[in-house]
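Examination of the molecular architecture
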Amino acid sequence: MMSVEEYAADVNKTVGEIIKKCAELNIDAKSEDDMLNEDAIIELDNYLNDNDDLDEIAEDLAEDLAKTEKIDIDNSIKKQKLKKKTVQNLEKIKNSQKDLASKKKEMYKNKEKLMTNDINIDENIVLYKEGMSVGDLAKELSVGPAEIIKKLFMLGIMATVNNIITYENAEIIVSEYKKELKKAEAMDVTNFEEYEIIDNETDLIERPPVVTIMGHVDHGKTTLLDTIRKTHVASTEAGGITQAISAYQIKYNNKAITFIDTPGHAAFTEMRARGASITDIVIIIVAADDGVMPQTKEAIDHAKAANVPIMVVINKIDKPGANIEKVKTELTDCGLAPEEWGGDTLFNEISAKENIGIEELLDNILLLAEMQEYKANPSRYAVGTVIESRLDKHVGPIVTILIQNGTLRLGDPIVVGTSFGKVRTLKNDLSEEITEAGPSLPVEITGLNETPTSGDKFMAFENEKQARNIGEQRAKDLKAKTNRTSEAVTLDELFSKIGEGLKEINVIIKADVHGSSEAVKNSLEKIEVEDVRVKVIRSSVGSITEGDIVLAKASNAILIGFNVRPNNSIRDYAKENGVEIRLYNIIYKVVEEMEAAMKGMLEPIFEEKILGTAEIRQLFKFSKVGIIAGSYITDGIIKKSAKARIIRDGIVIFDGNINSIQREKDSVKEVKKGFECGITIENYTDIKTGDIIEAYELVEIER
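Bear in mind the structure is a predicted one, so any value in this text is a computation, not a measurement.

This next bit is on the sheet that holds strand β25 (residues 581-584). If you trace the 5 strands from one edge of the open sheet to the other, you get β22-β23-β21-β24-β25, paired in mixed fashion. Either end of the sheet is taken by a strand with one partner, and the two such strands are β22 (528-529) and β25. Bridge count between strand β24 (residues 558-562) and β25: 4 bridges; the pairing is parallel. When the sheet's bridge partners are listed, Gly 561 is paired in β25 with Leu 583.

Rendered as structure tokens:
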């Protein structure tokens, strides 16, 4: 159902026109707030489609087209041809609208109630809430606290009634009472990112795999996607079909495959950072004449962090400079070894431009999908993820979503992120209006009250009131969480995370040179404390970038910088995303602190306080003083008593002390942002214009 006002906006008519038509059709609707049922909507749709004056519309469109193509307005023959062509196109549109109206009528007529996503919590399920104490668990189990304390003691755990109990320990205790422990957020439909949907095996059917292609720029990603789409769309769709949204589905050997066309691995990981796992398979594409490039390595890191199967496509095998064996060797060094070399990665050799090897690639995608057994339940209300969204001034938010489970239908109430509404229109990737969409299908919808963000999860509901209440509650919850810290791991909280069951610590290393990055990586991977190990998900050379922050957030990783310094914008970006950056210049200090954190034995430390930065703009050489750096203070304050680093292209080249600060002819203790001064660095003269001086001091803090 929808109101007269909503329907009028949907069909681009005024409320008055709809009320008038309702009176003609004996439909009981006299104000904008009156509700129209499905039968009334279908009757109005059919009436409006049948009574459009095509001849009048065609006359106007033909005249507009004549002006656009600069056809003489008095040339009646050409105008007549244009009008005839326009009428034919309008007839096609009209027939399409009639077909849609017929499909709507059929859907409403046969509309069966889908399975609700609500979970019935039975008496055998105990809910675990964050910060649950021994006493709280005893209350949930209807037993005395002493009984729980005794059972914990038998497990070698000393606890009191007010001590916090970990999920793992609570799970062991609960199982002794023949009950099952579940995290509270996994049972709360309001928090549907964490919500646990339980399907019966008998309700599950095979669904199409969702594939994302990633790789270095100019290695053929776009060409491959275009070739697959043009070659393998249904026969009735062939011939210049334009992709309307950034995802589409093709048919191959009577099987469907969904492709997500993302702008790059950064966007891919941004979505994962928001909790959105949209892809089943990642394809890494590498040009045979170019080999593995920096962006290729980054794409591999992001794909591995997503923890999904990876396939490799070696493209441009027809080019003169192609060297397939070299590419395979380089990829093996990155941890992707082909099966014929004893590895477990599927390799495909293709030419996207010449359509060579495409059939074999699609065969391998279907083979991998068959091995992974991707399934979903089309008989429940839909859940999935936003791929992209935009705001249209005429129709409001237009949102591209991927349905990951269930079925979405026209008119379904839906919550997307913190926005909500009813599905007013539903279109496939060819911009064709459809009435329902099943698992793994990307569609475009309208009808939301606000524009959501890429990566937002969505869920459809049985009634509009429930959707509205959940949407409003989620908006309140988000506001309350705004000032809370991220879930990204910090070194200080590492020991408590291990206590909660963390067995693998993700680390990203950025170093000044390759030798340092390898040394830090090897040292960290050798640390093992109580079956907990360090996993380095990326180790690379260069300054810390936004991409590193995004990957760290998505992977709950600690970011370690060795002889590199982030600039102010990167620091702010890391802080916004709750990512901790630990900076070192001695390898054993990295290992020492990591091992101590894993054992819960971190000592009080000195924390760096960045005072300010200055850019060296001119050099002055004096025989008695040495080289003076003519500098401009770009941020904060530079003090004579401070320590200082010289940073060149994001890399620390020296760490020492400020020797003196000269302002005009006077020696001063400090200079603030916006002023110029001369700075000398103690025992260091190898400075250049463009270098950055970062002043800092060490402040003792307790952990």
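From this point on, the discussion continues.
Once that is clear, we can look at the sheet that holds strand β8 (residues 255-260). Strand order in the open sheet formed by 6 strands is β7-β8-β6-β9-β10-β11, and the pairing between neighbours is mixed. Two strands in the sheet have a free side with no partner beyond their single neighbour: β7 (247-252) and β11 (346-349). Taken pair by pair, the neighbouring strands of this sheet meet at an average axis angle of 30 degrees, ignoring direction. When strand β9 (residues 281-287) meets strand β10 (residues 310-315), the two strands line up parallel, connected through 6 bridges. Residue pairing in the sheet places Val 286 in a bridge with Ile 314 of β10. Across the sheet, helix α11 (residues 294-306) is in contact with β6 (210-215), β9 and β10; its angle to β9 comes to roughly 170 degrees.

Despite not being glycine, Asn 253 has its phi angle at roughly 50 degrees, a positive value. With respect to the helices and strands, the residue Asn 253 is situated in the loop between β7 and β8. The exposure class assigned to Asn 253 is exposed, which follows from its relative accessible area of 53%. Despite not being glycine, Ser 440 shows a phi value in the positive range, around 70 degrees. Tracing the backbone shows Ser 440 in the loop between β18 (436-437) and β19 (442-448). By relative accessible area, Ser 440 is classed as buried at 1%.

Here we come to the side chain of Ser 517. Locating Ser 517 in the fold gives a position in helix α16 (residues 514-525). Ser 517 gets classed as buried once you look at its relative accessible area, which sits at 0%. Those residues in contact with Ser 517, other than ones at most four positions away along the chain, are Ile 509, Ala 511, Ser 539, Ser 540 and Val 541.

We now examine the confidence of the model for the chain. Scored by pLDDT, the chain has a mean of 81; 80% of the residues are at 70 or more. A low-confidence stretch, residues 234-243 (pLDDT under 50), is modelled with 10 contacts involving residues beyond four sequence positions or located in other chains.

A separate point is the nonpolar core. Leu 224, Phe 259, Leu 362 and Ile 365 are the most contacted members of the largest nonpolar core, which has 26 residues in total. Secondary structure elements with two or more residues in this core: β6, α9 (221-232), β7, β8, β9, β10 and α13 (358-372). By residue number, the principal contributor to this core is α13, which donates 7 residues. What Phe 259 contacts, discounting residues up to four positions off in sequence, is Val 211, Ile 213, Leu 225, Ile 228, Ala 247, Tyr 248, Ile 250, Leu 362 and Ile 365.

Turning next to a negative patch on the surface. Together, Glu 546, Asp 572, Glu 576 and Asp 635 give the surface a local cluster of negative charge. Checked against the element boundaries, Glu 576 lands in helix α18 (residues 568-576). Judged by relative accessible area, Glu 576 falls into the exposed class, the value being 64%.

Attention now moves to a nonpolar patch on the surface. A surface patch of nonpolar side chains, amounting to about 420 Å² of accessible area, comprises Phe 153, Met 154 and Met 158. Residue placement: Met 158 occurs in the loop between α7 (145-154) and α8 (167-176).

What follows covers the pairing of β6. With respect to burial, β6 is a largely interior element, 6 of its 6 residues being buried. Along β6, one buried face is formed by Val 210, Thr 212 and Met 214 and the opposite face, lined by Val 211, Ile 213 and Gly 215, is buried too. For β6 and β8, the ladder comprises 3 bridges, and the chain directions are parallel. Its bridge partner lying in β8, Val 211 is registered against Phe 259. Alignment of β6 against β9, held across 5 bridges, turns out to be parallel.

Enumeration according to the criterion identifies 3 aromatic pairs in this entry. Arranged with centres 5.3 Å apart and planes meeting at 85 degrees, the rings of Tyr 128 and Tyr 167 form a pair that is edge-to-face. Of the two residues, Tyr 128 sits in strand β3 (residues 125-128) while Tyr 167 sits in helix α8, which places them 39 residues apart along the sequence. Given a relative accessible area of 10%, Tyr 128 falls into the buried group. Over the ring of Tyr 248 we find Arg 229, and its NZ or CZ is 4.8 Å from the ring centre. The ring of Tyr 696 has Arg 645 sitting right over it, with the charged end atom 3.9 Å from the ring centre.

The sheet contact formed by strand β28 (residues 643-648) and strand β29 (residues 651-663) spans 6 bridges and is antiparallel. Across the sheet, residue Lys 643 finds its bridge partner in β29, namely Asn 657. Hairpin connection of β28 to β29: 2 residues between the antiparallel strands, including Asp 649 at a positive phi of 55 degrees. Alignment of β29 against strand β30 (residues 666-667), held across 2 bridges, turns out to be antiparallel. Among the inter-strand pairings, Arg 663 is bridged to a residue of β30, identified as Asp 666. Where β29 folds back onto β30 in an antiparallel hairpin, the turn is made up of 2 residues, including Glu 664, whose phi is positive at roughly 55 degrees.

About the thresholds
- Residues numbered from 1 in each chain as written.
- Predicted model: local features only at pLDDT ≥ 70, side-chain atom pairs only at ≥ 80, totals over all residues.
- Heavy atoms only, no water.
- Pairing = 2+ DSSP bridges.
- Helix = DSSP H or I, 4+ residues; strand = E, 2+ residues; numbered from the N terminus.
- Axes fitted to C-alpha atoms, helices over the stretch in contact; angles between N-to-C directions.
- Contact = heavy atoms within 4.5 Å.
- Buried < 20%, exposed > 50% of the residue type's maximum accessible area, 1.4 Å probe, protein only.
- pLDDT = per-residue confidence, 0-100.
- Core = buried A, V, L, I, M, F, W, Y, C linked by side-chain atoms within 4.5 Å.
- Patch = residues over 30% accessible without salt bridge, like charges linked within 9 Å, V, L, I, M, F, W, Y side chains within 5 Å.
- Areas by Shrake-Rupley, 256 points an atom, 1.4 Å probe, with all protein chains shown as cover.
- Salt bridge = Lys/Arg side-chain N within 4 Å of Asp/Glu carboxyl O.
- Lys, Arg positive; Asp, Glu negative; His and termini not counted.
- Charge placed at Lys NZ, Arg CZ, Asp CG, Glu CD.
- Phe/Tyr/Trp six-rings, centres within 6.5 Å; stacked < 30°, edge-to-face > 60°.
- Lys NZ or Arg CZ within 6 Å of the ring centre and 35° of its normal.

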